[in-house]
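Notes for the structure review
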Amino acid sequence: MDKVIDIEERIPTLREKRRKRTNFKFIFLIVLFLVTLFLLLYFQSPYSEIQNVEVIGAELVDADVYKEQSALHTGDSMWGFKVTDIQDKISEDHWVKDVSVKRKWLTTVQIEVKEWEKVAYISVENELYPMLENGDIFKEASSLEPIDAPLFLEFEDEKLRKRLLEELAKLDSTVLSLISQINSTPSSADPYAITLFMNDGYEVRAEVTTLAEKLNYYPSIVAQIESAGSNEKGIIDIEVGSYYKSYQDEYAQFDFNIDESGEAVIEEQEVMDDEETTSE
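In short, a report on the structure. Source: prediction; values computed, not measured. Starting from 1, residues in each chain are numbered consecutively following that chain's sequence as written. Since the coordinates come from a predicted model, pLDDT governs what is reported: local features require at least 70, and pairs of side-chain atoms require 80 or more to be given and counted, while whole-chain, interface and lining totals use all residues. Heavy atoms from the whole structure form the basis of all side-chain values; hydrogens and water molecules are not counted.

Criterion used throughout: strands pair if DSSP finds at least two bridges between them. Under the DSSP-based scheme used, a helix requires at least four consecutive residues in state H or I and a strand at least two consecutive residues in state E, with every element numbered from the N terminus. Strand order in the open sheet formed by three strands is β1-β3-β2, with mixed pairing between adjacent strands. This sheet does not close on itself; its edge strands, each paired only once, are β1 (52-56) and β2 (96-104). On average, adjacent strands in this sheet sit at an angle of 15° to one another, irrespective of strand direction. In the sheet, β2 pairs with strand β3 (residues 108-115) via eight bridges, with the strands oriented antiparallel. Residue pairing for β3: lysine 104 is matched across the bridge by threonine 108. Throughout, a contact is declared for two residues whenever any of their heavy atoms are within 4.5 Å. Axis lines are fitted through C-alpha atoms, for helices just across the contact stretch, and the angle between N-to-C directions can take any value from 0 to 180 degrees. Together, β2 and β3 form the strand contacts of helix α3 (residues 83-91), whose direction differs from that of β2 by roughly 155°.

All right, on to the packing of aromatic side chains then. Between rings of Phe, Tyr and Trp, where Trp is taken as its six-membered ring, a pair exists when centres lie within 6.5 Å; planes separated by under 30 degrees are stacked, by over 60 edge-to-face, and by other angles tilted. Per the stated rule, a full pass over the model turns up three aromatic pairs. Judged by centre distance (5.5 Å) and plane angle (80°), the ring pair of tryptophan 95 and phenylalanine 138 falls under edge-to-face. Here phenylalanine 138 lies in the loop between β5 (127-132) and β6 (151-153) and tryptophan 95 lies in the loop between α3 and β2, a separation of 43 residues in the sequence. Between buried and exposed lies partly exposed: a residue is buried under 20% and exposed over 50% of the maximum accessible area for its type, with that area taken using a 1.4 Å probe on protein chains only. Judged by its relative accessible area of 7%, tryptophan 95 is buried. The class of phenylalanine 138 is buried, set by a relative accessible area of 1%. Ring plane angle 65° and centroid distance 6.4 Å describe the contact between tyrosine 202 and tyrosine 244, whose orientation is recorded as edge-to-face. With tyrosine 202 in the loop between β8 (193-198) and β9 (203-207) and tyrosine 244 in strand β11 (residues 243-246), this residue pair connects regions lying 42 residues apart in the sequence. Among the residues examined, tyrosine 244 registers a relative accessible area of 25% and is labelled partly exposed. Geometrically, a lysine NZ or arginine CZ counts as sitting over a ring once it is within 6 Å of the ring centre and also within 35 degrees of the ring normal. Stacked on the ring of phenylalanine 81, the Lys or Arg arginine 103 has its end atom at 4.3 Å from the ring centre. One cation-aromatic arrangement involves lysine 139 over tyrosine 129; the distance from NZ or CZ to the ring centre is 5.8 Å.

Before going further, it helps to spend a moment on the sheet that holds strand β10 (residues 234-237). Judged by pairing direction, the sheet is mixed, and its eight strands sit side by side in the order β5-β4-β6-β7-β8-β9-β10-β11 without closing on themselves. Of all the strands in the sheet, the pair left with one neighbour each is β5 and β11. Taking each pair of neighbouring strands and ignoring which way they run, the sheet shows an average axis angle of 25°. Each of β4 (118-124), β5, β6, β7 (179-184) and β8 touches helix α4 (residues 158-169); the most contacted strand, β7, lies at about 150° to it. In the packing of helix α7 (residues 218-227) onto the sheet, the strands contacted are β8, β9, β10 and β11, and the crossing angle to β10 comes to about 130°.

In terms of residue burial, β8 counts as a mostly covered element, since six of its six residues are buried. Burial of the side chains of β8 extends over both faces: Ala193, Thr195 and Phe197 are buried on one face and Ile194, Leu196 and Met198 on the other. By the bridge criterion, five bridges tie β7 to β8 in an arrangement that is antiparallel. When the bridges of β8 are listed, isoleucine 179 appears paired with methionine 198. Bridge count for β8 against β9 is five bridges, and the pairing is antiparallel. Residue threonine 195 lies in a different strand from β9, and its bridge partner there is arginine 205. Hairpin remark: β8 followed by β9, antiparallel, with four residues in the connecting loop; positive phi at glycine 201, about 105°.

So, about helix α2 (residues 63-70). For α2, the complete set of buried residues consists of Tyr66, Gln69 and Ser70. Mapping the buried residues of α2 onto a view down its axis gives an arc of 100°, with all of them on the same face. Looking at the packing, one finds that the buried side of α2 touches β1, α3, β2 and β3. A 3.5 Å cut-off defines polar contacts: any pair of N or O atoms within that distance qualifies, except that in protein one atom must be a possible hydrogen donor and the other a possible acceptor, and neighbouring residues in sequence count only when both atoms are side-chain atoms. In this structure aspartate 62 caps α2, since a side-chain oxygen of it lies 3.0 Å from the backbone nitrogen of aspartate 64. Residue alanine 71 follows α2 closely and has a positive phi angle near 60°. Note: the arc covers the axis-to-C-beta directions of the helix.

Geometric descriptors of this kind do not, in isolation, establish any biological role.
Written as structure tokens, this is what we have:
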């Protein structure tokens with residue numbers, strides 16, 4: 001037989017549930033009211049406005065360039081812009097590799113840019129410009145910094161420049177730091193031929209497609225040359241095999257001197273013709 005429960009026994013339980021439900025609704029309304037009040041006060045206060053635009057990573061151009069592109073100004077709403085819109089705008093710059101925009105603290109917008117590295121200089125119409133690791137020429141430079149990277153000459157072919165940059169990226173840093181200048185010296189037989197002038201006085205003749213593979217052995221090649229008793233600087237050819245010839249042997253019919261940059265400055269000797277020789 002089913003047990004009969006007196007309604008009077010359930011009244012305290014029902015009252016307790018009703019009291020808890022009422023308290024919950026009251027607390028929810030209080031919290032909602034406080035949040036609404038806080039938001040109203042926040043958006044009316046200076047803490048909802050941009051007080052600082054911070055740029056991190058600007059090296060190729062001044063930080064103000066990125067601030068202008070963002071179109072953000074002191075006093076603008078912290079929530080009146082889309083992060084993706086600013087990132088897309090700054091990413092249009094060919095020297096920008098990546099960009100991140102975020103709201104930081106209460107009143108700061110942080111723009112963090114990652115620019116393509118400057119890896120070389122190139123001569124264009126008798127002007128020197130930095131060349132970036134993506135192969136682009138950076139002509140927006142306001143002033144030329146001291147040259148701390150290889151100088152490219154006669155590299156009009158963009159594909160060849162980019163291929164050479166890929167090879168340079170594979171070089172050991174110690175070897176890369178020894179390169180002073182790279183000239184494009186193509187021939188009908190070898191369109192990828194280049195000539196490198198090294199800071200230690202040697203000249204290297206190589207091919208773009210195998211540059212990193214062979215030039216990484218440059219320190220050991222020089223060590224072998226000097227250990228063999230040769231005190232003369234000269235030409236190291238690594239285009240096909242690997243051989244060395246001193247400047248004296250290579251330019252025997254010329255007078256030459258080594259300038260401050262380590263390059264051979266060549267002057268052709270005066271050669272007397274047979275008639276002068278005979279008349280003497």
